Amino acid sequence: MHCASCVKLVERALKKVPGVTKASVNLATNKAYIDSDKEIDINIAKNEVNSVGYAIKDTSRHSENNSEMDQDPSLAEMEKARQKMWLSWGFSLPVAIWMILEMLVSPWPNMYLFNLGILILSVVPIFFPGFATLNTGFKALKNRTANMDTLIALGTTVAFITGPLSLLTDQINNYAGVGAMIMSFHLTGRFVEANARGRASQAIKRLLELGAKTARVLQNGQEIEIQVENLKVNDIMIVKPGEKIPTDGKIIEGQSSIDESMATGESLPVTKKKGDTVIGATVNFNGLLKIKVTKIGEDTFLSQVIKLVEQAQGSRIPIQEFADKVTSVFVPVILMLAIFTFTLWLAFPDKLSQFSAIFSFFLPWTKNIAVISPLSRAIFATIAVLVIACPCALGLATPTALMVASGLGAENGILIRKGEALQTMKDVKAVVLDKTGTITKGKPDVTDVLLAKTAQILSEGSLLQLAASAESGSEHPLARAIVEKAKKDGLSLQKVTAFKAVSGGGIKAEVSGKKIVIGTDKLLQEENVNLKEFDSNKVEQLETEGKTVVHLSIDGVYRGSIALADTIKDDSQQALSELKKMGFSVFMLTGDNLKTARAIAEKVGIYAENVLAKVMPDQKVAKVKELQKKYKVAFVGDGINDAPALTQADVGIAMGTGTDIAIEAGDIILVRGELSLLVSAIRLSKAAYNKIVQNLFWAFFYNIVAIPLAFLGLLHPVIAEAAMASSSITVVTNANLLRRTVIKT
């Protein structure tokens, strides 16, 4: 495929296949993505696509005969394009030299043999390496459609036909050599384009190459080496220092530093110990590890990343829809314009020739227009119109930039799940950040234990023991911190019954026959707890320090409070400062009370009026909707608890850590849980969108300027084809320049 018209043809063919409800074809990757309501018959799909001049090739990573693990289709495409190019020029170059001699001196050895020789030499470039172009172009016409190959096929065929006709009459000039050079320039453009597209698509190839090929596993007490694809869940892998971890798993023995840069973009090694999860394809630095396999095949983190990158590369963004609408009518309009050009030059040859002769001082080929027959003049201008038009640059403008952006993002721990987020991001004015786990580390520690003012029937240890026992059934970060503190202090946990979590409030449970309520003051009030012993001054002081305070009651009477502090991430302050410099209004959203929230906000530079406190999980969507009345909003959350808010926001950005991330949450996913990565993601989004706009501008500008010049006979068909090929190359090359963008802070 070479242009957006080709894409439309293939999509239309795929939609004819029974069961296909949606078909989307990506020009840059040469891949089709289909939705279906039943199993698709691949043979029917192949026949439909073949009928419009194209072929389906299975590139599944798990195909037995054609695995991307073992070969790179882009390399095969480049090699095939290179061979066609050189074969074509092997015959076109002598044609060009012979034609130059004819213009400078005279036809050699005479006009008849000159025309015959040019005709014979032109057969090979047009009908052998150029056969695929002719085949696709004329098949499209047969199906009452047209694409870029149709324009090239008609242009070269019309040019070639003038060869034998010139042997029969001197009223027609021989343009067969021009047809050969047009095809050669066309094939040269396809080779350079394939080469550039190959570079743009290297992201997936590099990701595929990251995976280990073999794994060392324990079987019956013996270490044996097997292929990675033969691993099973619960296998025990042995990974020595310097080796790649074969697949995702959990460490059951050993400790080491792991290089996770391929997954997170973080260059510094991460220390991992027993119980920690590890990612397949990361590198074990210095310790011997025993790892239990938890995920294999398409379930692994690396496979999910590859799938996500492919999905992003295959997506379409709103700005592309306009280009698609133009290209859907582009080729038919050019065909009509070619007919109009031919007719007009036949009707008014002298007037049009006089106009083109004005430019003869720097366009030498226009000197001869007046002396050739009107029919030859008409053919000359018509061929130029057919081959100058370039829908292919329009078709490549968006997908090539998306391809490079998604690959660059993946290398830096930024996964673009939806391509349209790149365009929407340019209009975002407000960034809403969930506090816990986004601005802060999300791992609070117990800092204070506060007992009731009087009648202190409990010690701090007893209060902490009861609280930890009750919280042992909760997965909330605050609950885990309380449990960890109790264990660290050597306190044993008591049996819990009737546990119930109260969303956004706390928990209720029974511990050793005592009814325990732990949570916010609001929850205790709702439970009609006696708050006579509540020391509001001390609690207020703790909250002013930025600590979160939870309260505990036993059998309906307040008995004490526990203060916890969540540490701010090292890069949060700098990242939020960068966001403000970029012009964003930054908001913090949290379930904490206003004082605690504002204390955290002050430390990271968020304005007090932009703090949204005491927001329950089910209220996050409402808060985002409220802000959307004023701004386009990007919401940044953990991707697990914030799914509704991520979906509601104009751009949802999910932040996680390694395998803990929810891969399906958010439009953009930050693999590394650092806010500096958010700044990088925004820079990447804006840079990618700017490249898309640049590409579309140059593609439209080229066609708007070039087509009228061809119509007026000012462009030689060979130069027209060279310009057409260069326009596609320019677009793809410009997209590749995106790699030079500095996105890291």
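An unreviewed UniProt entry lists the protein chain under the name P-type Cu(+) transporter. Quoted verbatim from the Sequence similarities (unreviewed entry) field of UniProt, the annotation for the protein chain is "Belongs to the cation transport ATPase (P-type) (TC 3.A.3) family. Type IB subfamily." Under Catalytic activity (unreviewed entry), UniProt gives the following word-for-word description of the protein chain: "Cu(+)(in) + ATP + H2O = Cu(+)(out) + ADP + phosphate + H(+)".

What follows concerns the sheet that holds strand E19 (residues 557-565). One open sheet holds the 6 strands; their spatial order is E14-E19-E18-E17-E16-E15, and the pairing between them is antiparallel. Of all the strands in the sheet, just strand E14 (445-451) and strand E15 (496-502) have a single pairing partner and so form its edges. Pairwise comparison of adjacent strand axes, ignoring direction, gives a mean angle of 20° for this sheet. As judged from the 6 bridges shared by E14 and E19, these two strands associate in the antiparallel manner.

Right, let's get into the packing of aromatic side chains. The way to describe two aromatic rings as a pair is by their centre distance and the angle between their planes. For the structure shown, the criterion picks out 11 aromatic pairs. Ring centres of Phe 355 and Phe 359 lie 5.5 Å apart, and the angle between their planes is 70°; this geometry places the pair in the edge-to-face category. Assessed through its relative accessible area of 34%, Phe 355 is described here as partly exposed. With relative accessibility at 24%, the residue Phe 359 sits in the partly exposed group. Among the aromatic residues, those joined into a cluster by ring pairs are Phe 697, Trp 698 and Phe 701. Positioned above the aromatic ring of Tyr 607, the side-chain terminus of Lys 580 is 4.9 Å from the ring centre.

Among the nonpolar cores identified, the biggest contains 112 residues, and Leu 433, Leu 579, Leu 670 and Leu 678 are the most heavily contacted of them. At 18 residues, the largest contribution of residues to this core is made by helix H25 (residues 675-711). Per-domain counts for this core show at least three residues from each of domain 2 (73-202 + 314-398 + 694-739) and domain 4 (414-439 + 569-671). Filtering out sequence-adjacent residues up to four positions away, Leu 678 remains in contact with Val 431, Leu 433, Leu 579, Val 636, Ile 653 and Leu 670. Counting residues in each nonpolar core, the second largest holds 24 residues, with Val 446, Ala 470, Val 483 and Ala 486 among its members.

Two elements in contact, helix H6 (residues 148-168) and helix H13 (residues 374-388), have axes whose closest approach is 8 Å; the angle formed by their N-to-C orientations is 155°. By the angle between their directions, the pair H6 and H13 is classed as roughly antiparallel. Once H6 is placed against H13, the crossing between them reads as left-handed. Contact residues: H6 offers Leu 151, Ile 152, Leu 154, Gly 155, Val 158, Ala 159 and Thr 162, while H13 offers Ile 379, Ile 383, Leu 386 and Val 387. Of the residues belonging to the contact of H6 with H13, the class tally is 9 nonpolar, 2 polar and no charged.

Let us look at unusual backbone geometry. Between Trp 108 and the following residue, Pro 109, the backbone shows a cis peptide bond with an omega angle of 0°. Following the sequence through the fold, Pro 109 ends up in the loop between helix H3 (73-104) and helix H4 (111-127). At Asn 220, a position not held by glycine, the phi torsion is positive, near 55°. Along the polypeptide, Asn 220 turns up in the loop between strand E3 (214-219) and strand E4 (222-227).

Here we come to the domain arrangement of the protein chain. What the domain assignment lists for the protein chain is domain 1 (4-52), domain 2 (73-202 + 314-398 + 694-739), domain 3 (232-295), domain 4 (414-439 + 569-671) and domain 5 (443-567). Between the C-alpha centres of domain 1 and domain 3 the distance comes to 41 Å.

Okay, the packing of helix H21 (residues 572-581) against H25 next. Taken N-terminus to C-terminus, the directions of H21 and H25 make an angle of 25°; their axes are 7 Å apart at the nearest point. Regarding the angle of H21 to H25, the classification is roughly parallel. In this structure, H21 uses Ser 572, Ala 575, Leu 576, Glu 578 and Leu 579 to contact H25, whose residues at the interface are Leu 675, Ser 676, Leu 678, Val 679, Ile 682 and Arg 683. In the contact of H21 with H25, the residues fall into 7 nonpolar, 2 polar and 2 charged.

A few words now on H13. In this model H13 runs 21 Å from its N-terminal to its C-terminal C-alpha over 15 residues, within 8% of the 21 Å that 1.5 Å per residue would give. Of all the 15 residues making up H13, 13 are buried; the element is thus mostly covered by neighbouring parts of the structure.

Our focus in this paragraph is the environment of Leu 675. Counting through the fold element by element, Leu 675 comes out in helix H25. The class for Leu 675 is buried, based on a relative accessible area of 1%. For the pair formed by Leu 675 and Asp 570, sequence separation is 105 residues and the distance between their alpha carbons is 9.2 Å.

Turning to the UniProt feature "transmembrane region" (unreviewed entry) in the protein chain, a few remarks are in order. Here, the residues flagged by UniProt with the feature "transmembrane region" (unreviewed entry) are residues 86-106, 112-138, 150-169, 175-192, 326-348, 378-397 and 696-715. Secondary structure content for residues 150-169 is 95% helix and 0% strand, while the C-alpha to C-alpha distance between its ends is 28 Å.

About the cut-offs
- Residues numbered from 1 in each chain as written.
- Predicted model: local features only at pLDDT ≥ 70, side-chain atom pairs only at ≥ 80, totals over all residues.
- Heavy atoms only, no water.
- UniProt positions renumbered as here; feature names shortened; annotations may be inferred.
- Pairing = 2+ DSSP bridges.
- Helix = DSSP H or I, 4+ residues; strand = E, 2+ residues; numbered from the N terminus.
- Axes fitted to C-alpha atoms, helices over the stretch in contact; angles between N-to-C directions.
- Phe/Tyr/Trp six-rings, centres within 6.5 Å; stacked < 30°, edge-to-face > 60°.
- Buried < 20%, exposed > 50% of the residue type's maximum accessible area, 1.4 Å probe, protein only.
- Lys NZ or Arg CZ within 6 Å of the ring centre and 35° of its normal.
- Core = buried A, V, L, I, M, F, W, Y, C linked by side-chain atoms within 4.5 Å.
- Domains from an automatic or database assignment.
- Contact = heavy atoms within 4.5 Å.
- Parallel < 35°, antiparallel > 145°, perpendicular 65-115°, else oblique.
- Left-handed = near helix turned anticlockwise from the far one by under 90°.
- Nonpolar A, V, L, I, M, F, W, Y, C, P; charged D, E, K, R; others polar.
- Expected span 1.5 Å × (residues − 1).

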